[in-house]
Amino acid sequence: MSDRAVLHVKGRVLVGPDDVRDELWVVGGRISYERPAGARDVRTVEGWALPGLVDAHCHVGLDAHGPVPDDVSEKQALTDREAGTLLIRDAGSPSDTRWIDDRADLPKIIRAGRHIARTRRYIRNYAHEIEPEDLVAYVAQEAGRGDGWVKLVGDWIDRETGDLGACWPREAVTAAIAEAHRLGARVTAHCFAEDSLRDLVEAGIDCVEHATGLTEETIPLFASRGVAIVPTLVNIATFPQLAAGGEAKFPRWSAHMRALHERRYDTVRAAYDAGVPVYVGTDAGGSLAHGLVAGEVAELVTAGIPPVEALSATTWGARRWLGRPGLDEGAPADLVVYEGDPRADVRVLAAPRRVVLNGQVVG
């Protein structure tokens, strides 16, 4: 499609869960709800249109062993695009992927810089591995490298106890989060277990990834402070396999991981019922493949989140949370068109009919 061409999207345009319009136009890469005068070279796409999907926990530029070359990062981003993911919050990567910003055919990325972890308390080659006295300085550094987010590793296996354990003293995370907020960045943290959550939330954290350790005591704290969670249920599904692999050396950790897995759906549903904001993220790019966003939405529904709310967690609500537009007048035309109504059955997300990015039909 040329820059002068006009795209006409007709059928049902889901501007919001209850704001459904019959059509929109794409002129110069941007959305309009008024038919352009004298439009020529018009291409029509029909179906159910949604804002480009959001994967709020994804790692472009990373695989199971660490940073990857640019050509691999490109394949990762293209795989996400083909699945309809057009906005990514990259929740930690050691790779410099800024070159992607210059590619109009690749998803838009909101970066959280590189993971910040305790020494020898995370996956090798992923994070800055530091001690608590350096946390504030590294948070400031990654706030400058990111796009308004910083990523901490809140807990990981402690080899001395043989189980998951909090990585940071409370005073260290309190000072670090305050510094990030002073610099205009929000903070999120990887957390599987229970014992880091209260300190992080009371220190002012904005989001927690995975959040499998939420309990009856901490869920109300998250809700009262508006701390979001990104459950990454497609990743939590791997816990039994991880537990089996570590059973011989770390039996306490393995039992803990199995217990977190077994209650995962109850945990997410209890958080949602309490009013905790829940968003879609896949954790792609470590050991998981890219392009799993539809599966994560389906997992949220399995957990008991109403389908329209699960849909919002990857569309309208997720974009609002990240400060990016949806199908608004004048916004960049980033949208996905489906055969059927995704509000009625979220499984249609697995089969996009057309993907439109920056006004161009790319898939």
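Just above sits the structure.
Residues numbered from 1 in each chain as written. Predicted model: local features only at pLDDT ≥ 70, side-chain atom pairs only at ≥ 80, totals over all residues. Heavy atoms only, no water.

*Asks:* Help me out: how do you make sense of the overall build of the chain in this one?
*Replies:* Regarding its fold elements, the chain presents 12 helices and 20 strands. By the compact-globule yardstick of 21 Å for 363 residues, the chain fits well, its C-alpha radius of gyration being 21 Å. Its C-alpha atoms put the chain at 70 × 40 × 35 Å along the principal axes. Counting only residues that meet the buried cut, the chain has 55% of its 363 residues in that class. Of all intrachain contacts in the chain linking residues separated by at least 6 positions in sequence, the fraction that spans at least 24 positions is 66%. (Helix = DSSP H or I, 4+ residues; strand = E, 2+ residues; numbered from the N terminus. Rg over C-alpha atoms; globule rule 2.2 N^0.38 Å. Buried < 20%, exposed > 50% of the residue type's maximum accessible area, 1.4 Å probe, protein only. Contact = heavy atoms within 4.5 Å.)

*Asks:* Teacher, can you tell me more about the packing of aromatic side chains here?
*Replies:* What characterises a pair of aromatic rings is the spacing of the ring centres plus the angle enclosed by the ring planes. Tallying each qualifying case throughout the model produces 6 aromatic pairs. Measuring from centroid to centroid gives 4.8 Å for Tyr122 and Trp156, while their planes differ by 75 degrees, and the two rings are edge-to-face. Here Tyr122, found in the loop between strand E10 (116-118) and strand E11 (128-130), pairs with Trp156, found in strand E13 (residues 155-158); they are 34 residues apart in sequence, far enough to count as distant. Every member of this aromatic cluster is reached through a ring pair, and the members are Tyr122, Tyr126, Trp156, Phe192 and Phe239. A cation sits over an aromatic face here: Arg89 above Trp149, 4.6 Å from the ring centre. (Phe/Tyr/Trp six-rings, centres within 6.5 Å; stacked < 30°, edge-to-face > 60°. Lys NZ or Arg CZ within 6 Å of the ring centre and 35° of its normal.)

*Asks:* Sorry, what's going on with helix H10 (residues 293-302) here?
*Replies:* Helical geometry note: an α-helix holds 3.6 residues per turn, so side chains three or four residues apart project in the same direction. Considered for burial, the residues of H10 that qualify are Val293, Ala294, Glu296, Val297, Glu299 and Leu300. In this fold, the buried residues of H10 make contact with strand E5 (53-58), strand E8 (85-90), helix H6 (233-236), helix H9 (264-274) and helix H11 (307-312).

*Asks:* Looking at this structure, I do not really get the pairing of strand E4 (residues 42-51). What am I missing?
*Replies:* Summarising the sheet, strand E1 (residues 6-14) and E4 pair through 8 bridges and their orientation is parallel. If you follow Arg12 over to E4, its bridge partner there is Trp48. Pairing of E4 with strand E18 (residues 335-338) involves 4 bridges; the strand directions are antiparallel. Pairing of Pro51 across the sheet is with Leu335, part of E18. (Pairing = 2+ DSSP bridges.)

*Asks:* So what exactly am I meant to see when it comes to the sheet that holds strand E9 (residues 108-111) here?
*Replies:* Each strand in a sheet pairs with another by means of backbone hydrogen bonds, the pair being arranged parallel or else antiparallel. Taken in spatial order, the 3 strands of this open sheet run E5-E8-E9, and their pairing is parallel. Every other strand in the sheet has two partners, leaving E5 and E9 as the edge strands with one partner each. On average, each strand axis in the sheet is tilted by 20 degrees relative to the strand beside it, whichever way the strands run. Note: E5 against E8, 4 bridges, orientation parallel. Within E8, the residue paired with Asp55 across the bridge is Ile88. (Axes fitted to C-alpha atoms, helices over the stretch in contact; angles between N-to-C directions.)

*Asks:* Quick question: what am I supposed to make of empty space enclosed by the protein here?
*Replies:* If a probe as big as a water molecule is rolled over the atoms, it shows which places are left empty. Under the criterion given, the structure shown has 2 cavities of 30 Å³ or more. What the largest cavity holds in volume is close to 50 Å³. In terms of lining residues, the largest cavity is bounded by Gly154, Ala166, Cys167, Trp168, Val173, Ser196, Asp199 and Leu200. Tallied by class, the residues present in the lining of the largest cavity amount to 5 nonpolar, 2 polar and 1 charged. Of the volumes computed, that of the second largest cavity is approximately 30 Å³. Top contributing element to the lining of the second largest cavity by residue count: H9, with 3 residues. Residue composition of the lining of the second largest cavity, by class: 5 nonpolar, 3 polar and 1 charged. (1 Å grid on protein atoms, 1.4 Å probe; cavity = no way out; pocket = protein on both sides within 12 Å on 5 of 7 lines; lining within 4 Å. Points joined across faces, edges and corners; volume = space filled by probe spheres on them. Nonpolar A, V, L, I, M, F, W, Y, C, P; charged D, E, K, R; others polar.)

*Asks:* Any chance you could explain the sheet that holds E4 here in plain terms?
*Replies:* The strand order across the open sheet built from 7 strands is E3-E2-E1-E4-E18-E19-E20, with neighbouring strands paired in mixed fashion. Each edge of the sheet is formed by a strand with only one pairing partner; in this case those strands are strand E3 (30-32) and strand E20 (360-361). Pairing geometry for E1 and strand E2 (residues 20-27), over 7 bridges, is antiparallel. What sits directly across from Val9, in E2, is Leu24.

*Asks:* Even after reading the chapter, I still don't get the layout of surface pockets, so can you show me in this structure?
*Replies:* The space that makes up the largest pocket amounts to roughly 780 Å³. Elements represented by at least two residues in the lining of the largest pocket include exactly E13, helix H7 (239-246) and helix H8 (251-262). Ranked by residues supplied to the lining of the largest pocket, first place goes to H7 with 5 residues.

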